[in-house]
Amino acid sequence: MKYSLRNILLVSAGLISFVLGAVGVVLPLLPTTPFLLLSAACFIRSSDRLYSWLIGHRYFGEYIRRYREHRAVTRRNKIVSISLLWIVISISAFTAVQSWWLRGLLFVIATGVTVHILSLNTWKDDDQ
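Note that the structure is predicted; figures quoted are calculated from it, not measured.

A. Structural context of the pattern of salt bridges. In the structure shown here, the tally under the stated rule is two salt bridges. In this structure, E62 and R65 form a salt bridge, with 2.7 Å as the shortest nitrogen-oxygen distance. Of this pair, E62 and R65 both sit in helix α4 (residues 61-70), three residues apart, which is roughly one turn of the helix. When the shortest N-O distance is used, the salt bridge between E62 and R66 registers 3.7 Å. In this pair, E62 and R66 both sit in helix α4, four residues apart, roughly one turn of the helix. The buried category is assigned to R66, whose relative accessible area is 13%. One salt-bridge network, in which partners are shared between bridges, spans E62, R65 and R66.

B. The arrangement of a nonpolar patch on the surface in detail. There is a patch of nonpolar side chains on the surface, built from W100, W101, L102, L105, V108 and I109 and spanning about 660 Å² of accessible area. Within the secondary structure layout, W100 lies in helix α6 (residues 100-119).

C. Representation of the packing of helix α3 (residues 48-55) against α4. Running from amino to carboxyl end, α3 crosses α4 at an angle of 95°, the nearest separation of the two axes being 6 Å. Taken together, the axis directions place α3 and α4 in an arrangement best described as roughly perpendicular. Contacts between α3 and α4 involve Y51, L54 and I55 from the first element and G61, E62, I64, R65 and R68 from the second. Each residue belonging to the contact of α3 with α4 can be placed in one class, and the counts come to four nonpolar, one polar and three charged.

Rules behind the numbers
- Residues numbered from 1 in each chain as written.
- Predicted model: local features only at pLDDT ≥ 70, side-chain atom pairs only at ≥ 80, totals over all residues.
- Heavy atoms only, no water.
- Salt bridge = Lys/Arg side-chain N within 4 Å of Asp/Glu carboxyl O.
- Helix = DSSP H or I, 4+ residues; strand = E, 2+ residues; numbered from the N terminus.
- Buried < 20%, exposed > 50% of the residue type's maximum accessible area, 1.4 Å probe, protein only.
- Patch = residues over 30% accessible without salt bridge, like charges linked within 9 Å, V, L, I, M, F, W, Y side chains within 5 Å.
- Areas by Shrake-Rupley, 256 points an atom, 1.4 Å probe, with all protein chains shown as cover.
- Axes fitted to C-alpha atoms, helices over the stretch in contact; angles between N-to-C directions.
- Parallel < 35°, antiparallel > 145°, perpendicular 65-115°, else oblique.
- Contact = heavy atoms within 4.5 Å.
- Nonpolar A, V, L, I, M, F, W, Y, C, P; charged D, E, K, R; others polar.

Written out as structure tokens, the structure is:
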């Protein structure tokens, strides 16, 4: 089977962005959704098999479809994301950062991410 350089680059970018998105689940400053959407975009242009795998993925498939089709996330995802974001930012700001301007920057970033998350539609079929 012959692969073009374009396909190799797109698959590589898709795999890297998938890993970054998966890591972003536990690291609040690393955005999960954009990386997973980038993976989907790369795979749809390069590999039907990888795109099908991603959309059918046990944890991320429904998340990607819901975001792409409705720009929505579950209430639970919003609560968990915002809570983890503020916990990690606060711990980082007060234990690892000495500079007042860098602490301020961390809180500005956290505020921006919070506003973005809250601006997303809330998926109604939430397990509450």
